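# Fold and geometry: a report
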Amino acid sequence: MGMTQPDSKTLVAIYKKMALIKHSDDRVIGAMKAGRMQMPYYSARGQECIPAAISTLLTDEDYLVTIYRGVHDMLAKGLPAKLLWAELAGKATGSCKGKGGPMHLTYPSKGCMVTTGIVGASMPIACGLALASQLRGETRVTVANFGDGASNIGAFHESLNLASVWKLPVILVCQNNRFAEHTSYAKGTSVAKIANRAASYDMPGLHVDGNDPVAVYQAAQQAIERARSGGGPTLIEALTFRFNGHLIGDMGEYIPKAEYAAAVAADPYPKYRSWLIDNRHATSAEIEAIEAGIKAEIDEAEAFAMSSPPPDAIEVKRDVYAYDIA
Amino acid sequence: MDTNTSTQQKAAAPVNMIQALNWALHDAMEEDANVIHFGEEVGDAEGGGIVKISAGLSTKFGSRVRSTPISEMGFMGAAVGAAVVGMKPVVEVMLMNFVAVCMDQITNHAAKLRFMSGGQTHVPMVIRTMTGSGFQNGGQHSDFLEAWFCHTPGIKVVMPSNPADGYGLLRSAIDDPDPVLFIDHLNNYWTPGVAPVRGTKIPLGKARIHQPGKDVTVIGYSRSMLDIPPVAAKLEAEGISVEIIDLRTVSPIDMDTVLASVKKTGRAVIVHEAVKSFGVGAELSSRIHEALFRELKAPVERVASNDSPVPYAPPLEAAFLYSHADIEAAIRKTLA
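Since the structure is predicted, the reported quantities are computational estimates derived from the model, not experimental observations. (Residues numbered from 1 in each chain as written. Chains lettered and ligands numbered in written order. Predicted model: local features only at pLDDT ≥ 70, side-chain atom pairs only at ≥ 80, totals over all residues.)

### Comments concerning the domain arrangement of chain B
All names here are of chain B. Here chain B is described as being made up of domain 1 (10–188) and domain 2 (208–335). Spacing between the C-alpha centres of domain 1 and domain 2 amounts to 26 Å. Every contact between the two is made by 25 residues of domain 1 and, on the other side, 23 residues of domain 2. If you list the elements that add at least two residues to the side of domain 1 that touches domain 2, you get α7 (146–150), β5 (156–158), α8 (163–175) and β6 (180–185). Here the side of domain 1 that touches domain 2 gets four residues from one element, more than from any other, and that element is α7. When the residues that make up the side of domain 1 that touches domain 2 are grouped by side-chain class, the tally is 10 nonpolar, 11 polar and four charged. (Domains from an automatic or database assignment. Contact = placed C-beta atoms within 7 Å. Helix = DSSP H or I, 4+ residues; strand = E, 2+ residues; numbered from the N terminus. Nonpolar A, V, L, I, M, F, W, Y, C, P; charged D, E, K, R; others polar.)

Printed below as a string of structure tokens:
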């Protein structure tokens, strides 16, 4: 299995996705603080690298399942910012017509199949998406995202076992941000590395620095090649941190101050930006042009969301079943 | 079990529910390559299912039929995922009580993804399971839990009482664009009935008038459809005319058929094996009262099982379940 250094074009593409995720997140929180938007928002600020790197290896045909902290995964996979923002704002023009919200983002035309609000539930569903591809003889793969807390729920273990027994083309991506809601990793998890749990299911378990785009890219490349070629599943544990608590409003008292300060000091976004310029993968001017483009895209998304109409009340009668209910 | 015998040869001979459901699975899989089937022990190497409903299918359809590990949450979620991209999984939960270990995937996901995605995805899957008291299986292998799912918008609940309905309803459940919970009664499996005409589908949400009558409407489904007719026959001898409705689909309920009948008779009795409180009978009774209060000649009666876990010892198991005498007493009460 090849382990290649991504070229400059790919590295910049990863940065562009990170910038979109980071700036969109900052702006959502700003809109919430200003009182323009209200929602249960689970920020993924700090975790941008992981989906940004993985998604450069995926096509629109590949499937993605993620969780309530999944806006970053969805943006990276191709959910248009406009449709995301309108959905977060609860508008009729949102990707789910305002019926799902941040915890249920869906956009099948880019492979964004399911977002679940239930810890652990992404993995069994991902196994089914992968089963469908396997039965149809397709080469597409499925990526399932989840957090470190989810590795302690039964669905994780059932899914890894099933994926291994059936050799499903699935990549299980644990975004280990060190806290399961308010409980620290060590208090709730029996192993030093979640990746070690893969051994119990006879599949590769890759432990990577989730704040290093190149490391994530290379791990994902191995896993995706294995899945596409019929080799079966891989568990990737990407070590990261979330800067804005479990959800907005969480003051993070349970996070040791030194740990938080160290994580913020290691913020992957500015670090990667400097690295790209220092290593001549992009010029400052190119990076600034990307950022200007992202800012314009988010301006447009926010304006679209704010100016869109709310859903009509009749929508509560629709989409319960294939037919409208009385 | 022979799944390949031609329709012509078998059509006339009575069959049981096991054969009828096996035919339905076979015919659906033959017709549509998207239909897949999995669950514990459904493969032929593992016996073709505990009562052999899946017999012959893995031999004929290969990897589309799979025995799973004992991982209800895992394989239920896999069915949801496969259905989201257009497969039509028929997933078997060996006994109904085991749905408790995979409720999240059924109620939070299968039932809700269409709505939460704003109609972008939907989940065309069937969950087939079986249950029923009377086999000394005790408190965790016997419950009728249909009310849990009737209380969950987004999923349908189908409970056939006879082989022909079983075949036709299962075919429609597999075709349905939304998730369907399909519940068999262990007690009904070996009762011979009229053979289904293969290929004939019975629409979901449509009740069947089992027997017309004019004095009282008795509404049942699943196992109670074995118990109501003999009681009605006994009362017929006294000149009491009972109209019997088999709901077939428990959610959504065919209120048009129910209300037309009760409007005519002015009296209604509901009979189900599930425990009485907060059950399907309560919902049906409430709807009948709301629609026909002034036309009713008596309050609607419910006949159901005792509000306890299903016991083990035969005398206790008998005391748990309603009796024919209970059905008779409820009918007489509406006529008093």
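Still more ground to cover, so stick around.
### Quick notes on the sheet that holds strand β3 (residues 142–147) of chain A
Residues and elements named next belong to chain A. An order of β2-β1-β3-β4-β8-β7 is seen for the six strands of this open sheet, with the pairing classed as parallel. Only two strands of the sheet have a single neighbouring strand rather than two, namely β2 (112–116) and β7 (205–209). On average, adjacent strands in this sheet sit at an angle of 20° to one another, irrespective of strand direction. Bridging between β7 and strand β8 (residues 234–239) involves five bridges; their strand directions are parallel. What sits directly across from L206, in β8, is I236. (Pairing = 2+ DSSP bridges. Axes fitted to C-alpha atoms, helices over the stretch in contact; angles between N-to-C directions.)

### Quick notes on the interface of chain B and chain A
Facing the 36 residues of chain B at the interface are 33 residues of chain A. Counting residues per element, the ones that place at least two in the side of chain B that touches chain A are α4 (72–84), α5 (103–110) and α6 (113–116) of chain B. Per-class residue counts for the side of chain B that touches chain A are 17 nonpolar, 15 polar and four charged.

### Quick notes on the sheet that holds strand β3 (residues 88–93) of chain B
Residue and element names in this part refer to chain B. The sheet built from seven strands is open, its strands ordered β2-β1-β3-β4-β6-β5-β10 with mixed pairing. Unpaired on one side and paired on the other, β2 (65–67) and β10 (249–251) mark the two borders of the sheet. Sheet twist, expressed as the average angle between the axes of neighbouring strands with direction ignored, equals 20°. Examined bridge by bridge, strand β1 (residues 35–39) and β2 share three bridges and lie parallel to one another. Opposite F38, over in β2, you have R66 as the bridge partner. The strands touched by helix α2 (residues 17–31) within the sheet are β1, β3 and β6, with β1 carrying the most contacts at an inclination of about 135°.

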